[in-house]
Amino acid sequence: MGGGARRAAHVMKNAAKLPLEKCPRIIHGETLTDRKSVFQPHCATVETAEQVKLVQAQLLTNRKIAQATHNIMAYRIFDEAKNAWLQDCDDDGETAAGSRVLHLMQILEVRNVVVVVTRWYGGVHLGADRFKHINSCARAVLVQFGAVQEKGPTKPGKGKKPSHSK
């Protein structure tokens, strides 16, 4: 049993105790495939760490997601009462992947959102490309979800200046 499957079994064991009917609505993003590895992002609004657990448990009720190689997760919640951030991440065996997604969420100033990127390993090592794909999926689902704006056109004056020939 791989790391992702072990974690899924652990979460599912505890999921029976969670009221899944109170789970926030989850958005499922488009899949991305590279060299037989498949990535799919998921996103939901959360206001408590308990809701983060509900989202994870709800996702893992899907057998395909539960059997994925990795379910990389990051969340950021702003506690208005304490004027403080509650944030965390989980790599699920994909070293440093969760912290990279969390860093992306910090840069984009996302609040009250959990992102899970599911990866099904295709048998071919992707090297650093896997991190590009994980972040790309996370960003895409955040845009789809409305938690962040898409990149607009570049500002005038950026890039190469036109050459003037005599």
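Basis of the calculations
- Residues numbered from 1 in each chain as written.
- Predicted model: local features only at pLDDT ≥ 70, side-chain atom pairs only at ≥ 80, totals over all residues.
- Heavy atoms only, no water.
- Helix = DSSP H or I, 4+ residues; strand = E, 2+ residues; numbered from the N terminus.
- Contact = heavy atoms within 4.5 Å.
- Expected span 1.5 Å × (residues − 1).
- Buried < 20%, exposed > 50% of the residue type's maximum accessible area, 1.4 Å probe, protein only.
- Arc of directions from axis to C-beta.
- Pairing = 2+ DSSP bridges.
- Phe/Tyr/Trp six-rings, centres within 6.5 Å; stacked < 30°, edge-to-face > 60°.
- Lys NZ or Arg CZ within 6 Å of the ring centre and 35° of its normal.

**Quick notes on the environment of Cys43**
Next, step 1: Within the secondary structure, Cys43 is located in strand 3 (residues 37-45).
Next, step 2: Remark: the alpha-carbon pair of Cys43 and Ile27, spanning 16 residues in sequence, is separated by 5.2 Å.
Next, step 3: Discounting residues that sit within four places of it in the chain, Cys43 has contacts with Arg25, Ile26, Ile27, Val113, Val114, Val115, Val141, Leu142 and Phe145.

**Details of helix 5 (residues 129-145)**
Next, step 1: Here helix 5 spans 24 Å end to end across 17 residues, near enough to the 24 Å set by a 1.5 Å rise per residue.
Next, step 2: Three or more residues of helix 5 are buried, namely Arg130, Phe131, His133, Ile134, Cys137, Ala138, Val141 and Leu142. One side of helix 5 holds all its buried residues, which, seen down the axis, span an arc of 165°.
Next, step 3: The elements touched by buried residues of helix 5 are strand 1 (26-28), strand 2 (32-34), strand 3, strand 4 (70-79), helix 4 (97-107) and strand 6 (113-120).
Next, step 4: A positive backbone phi angle near 90° is found at Gly146, which sits one or two residues after helix 5.

**Observations regarding the pairing of strand 6**
Next, step 1: The buried fraction of strand 6 is high, at eight of eight residues.
Next, step 2: Sheet analysis places strand 3 next to strand 6, joined by eight bridges and oriented antiparallel. Along strand 6, the bridge assignment pairs Val38 with Trp120.
Next, step 3: Bridge count for strand 4 against strand 6 is seven bridges, and the pairing is antiparallel. Residue pairing across strands places Tyr75 opposite Val114, the latter belonging to strand 6.

**With respect to the packing of aromatic side chains**
Next, step 1: Under the criterion given, the structure shown has one aromatic pair.
Next, step 2: Directly above the aromatic system of Trp85 lies the positively charged group of Arg76, at a separation of 3.8 Å from the ring centroid.
Next, step 3: The ring of Phe131 has Arg100 sitting right over it, with the charged end atom 3.9 Å from the ring centre.

Read these as spatial facts, not as claims about activity.
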